Amino acid sequence: MFNRRHFFELGDVIFARAKKKALTVGVALLDIDFFKKVNDNYGHDAGDIVLRQLGSLLIEDFEGEVASKDVVARFGGEEFCFLLVADNQKQIEIRLSALRQRIENDCFILNDGFELKVTASIGLFTGEARDLESA
């Protein structure tokens, strides 16, 4: 999965290209709800497993599209950021809502076989911005 630095490097190119084509650009941040409780109740190894499995889910969800118009990256801690390009804001909202629902419906399997459920919150910005960093 890409890191924060690569997100901004690749994202700047995607953002500029989308703006030239008058496409809607969405910048979103996903945060795992109550992630501290996962670490506190199940240990940091369990938290790492959840992060890896969620990262795999995000890569799978964005596979094939990352190279063309969208990018997802780990932003830090339990936060992941997205740059999404679409014809309109509603398309981006539908995609992120489906992703949030998929995370909620998935089970994260710990090393001992224990199944853990997590939820996530996603914030989205689709307003006017001159570049990715100002978004």
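Structure shown above.
Fair warning: this is a prediction, and the values are worked out from it, not measured in the lab.

Here the focus is the packing of aromatic side chains. With the rule as written, the count across this model stands at 3 aromatic pairs. Across from the ring centre of Phe75, 4.1 Å away, lies the NZ or CZ of Arg4, which sits over that ring. Lys37 extends its terminal NZ or CZ atom over the ring of Phe34, reaching a point 5.3 Å from the ring centre.

Before going further, it helps to spend a moment on the sheet that holds strand β3 (residues 79-86). What the 4 strands build is an open sheet, ordered β2-β3-β1-β6; its pairing is antiparallel. Edge positions in the open sheet fall to β2 (71-76) and β6 (120-125), since each of these has one partner strand only. In this sheet, adjacent strand axes meet at a mean angle of 25 degrees when their direction is disregarded. Bridging between strand β1 (residues 24-32) and β3 involves 8 bridges; their strand directions are antiparallel. Residue pairing in the sheet places Leu30 in a bridge with Phe80 of β3.

Turning next to the nonpolar core. Core analysis: the biggest nonpolar cluster contains 27 residues, and Leu30, Leu54, Phe82, Leu99 and Ile103 have the highest contact counts within it. At the level of elements, β1, α2 (35-42), α3 (44-62), β3 and α4 (89-105) are the ones that each hand at least two residues to this core. Broken down by element, the residue count for this core peaks at 8 residues, all from α3. The residues touching Leu54, leaving out its near neighbours within four places in the chain, are Leu30, Ile32, Phe80, Ile103 and Phe108. Counting residues in each nonpolar core, the second largest holds 13 residues, with Val25, Val85, Ala129 and Leu132 among its members.

Before going further, it helps to spend a moment on unusual backbone geometry. Despite not being glycine, Ala22 has its phi angle at roughly 60 degrees, a positive value. Here Ala22 lies in the loop between α1 (4-20) and β1. For Ala22, a relative accessible area of 66% gives the class exposed. Of note in this structure, Phe34 is not a glycine but carries a positive phi near 55 degrees. If you trace the backbone, Phe34 turns up in the loop between β1 and α2.

With their axes 6 Å apart at the nearest point, α2 and α3 run at an angle of 135 degrees to one another. Overall, the two elements α2 and α3 adopt an arrangement that is oblique. Residues Phe35, Val38, Asn39 and Tyr42 of α2 lie in contact with α3, whose contacting residues are His44, Ala46, Gly47, Val50 and Leu51.

The next subject is the environment of Arg102. Positionally, Arg102 belongs in helix α4. For Arg102 and Leu51, which are 51 residues apart along the polypeptide, the C-alpha to C-alpha distance reads 15 Å. With sequence-adjacent residues up to four places away left out, Arg102 is seen in contact with Leu57, Glu60 and Asp61. Among the polar contacts made by the side chain of Arg102, one reaches the side chain of Glu60 at a distance of 2.6 Å.

Following the criterion strictly, the structure yields 6 salt bridges and no others. Between Lys36 and Asp40 there is a salt bridge, with the nearest N and O atoms lying 2.7 Å from each other. Here Lys36 and its partner Asp40 are both found in helix α2, 4 residues apart, which amounts to about one turn of the helix. With its nearest N and O atoms 3.9 Å apart, the salt bridge here joins Arg102 to Asp61.

Procedures and definitions
Counting restarts for each chain: residues are numbered from 1 in the order of the written sequence. Since the coordinates come from a predicted model, pLDDT governs what is reported: local features require at least 70, and pairs of side-chain atoms require 80 or more to be given and counted, while whole-chain, interface and lining totals use all residues. Think of the side-chain values as coming from all heavy atoms in the structure, minus any hydrogens and water. A pair of aromatic rings is counted whenever rings of Phe, Tyr or Trp (Trp by its six-membered ring) have centres within 6.5 Å, and the orientation is called stacked for planes under 30 degrees apart, edge-to-face for over 60 and tilted otherwise. Distance and angle both matter: a charge sits over a ring if NZ of Lys or CZ of Arg is within 6 Å of the ring centre and within 35 degrees of the ring normal. Two strands make a pair as long as DSSP finds a minimum of two bridges between them. Secondary structure is summarised from DSSP: a helix means a run of H or I of at least four residues, a strand means a run of E of at least two, and numbering begins at the N terminus for each. To define axes, lines are fitted to C-alpha atoms, for helices over the stretch in contact only, and angles between the resulting N-to-C directions are given on a 0 to 180 degree scale. What makes a nonpolar core is a set of buried Ala, Val, Leu, Ile, Met, Phe, Trp, Tyr and Cys residues whose side-chain atoms join them at distances within 4.5 Å. Relative accessibility thresholds used throughout: buried, under 20% of the residue-type maximum; exposed, over 50%; partly exposed, between the two (1.4 Å probe, protein chains only). In this analysis, two residues are considered to be in contact whenever any of their non-hydrogen atoms come within 4.5 Å of each other. Each angle gets one of four labels, with under 35 degrees taken as roughly parallel, over 145 as roughly antiparallel, 65 to 115 as roughly perpendicular, and the rest as oblique. Within 3.5 Å is the distance limit for a polar contact, defined as a pair of N or O atoms, with the added protein rule that one can donate a hydrogen and the other accept it, and that residues adjacent in sequence qualify only through two side-chain atoms. Within this document, salt bridges are pairs made up of a side-chain nitrogen of Lys or Arg and a carboxyl oxygen of Asp or Glu, the two lying within 4 Å of each other.

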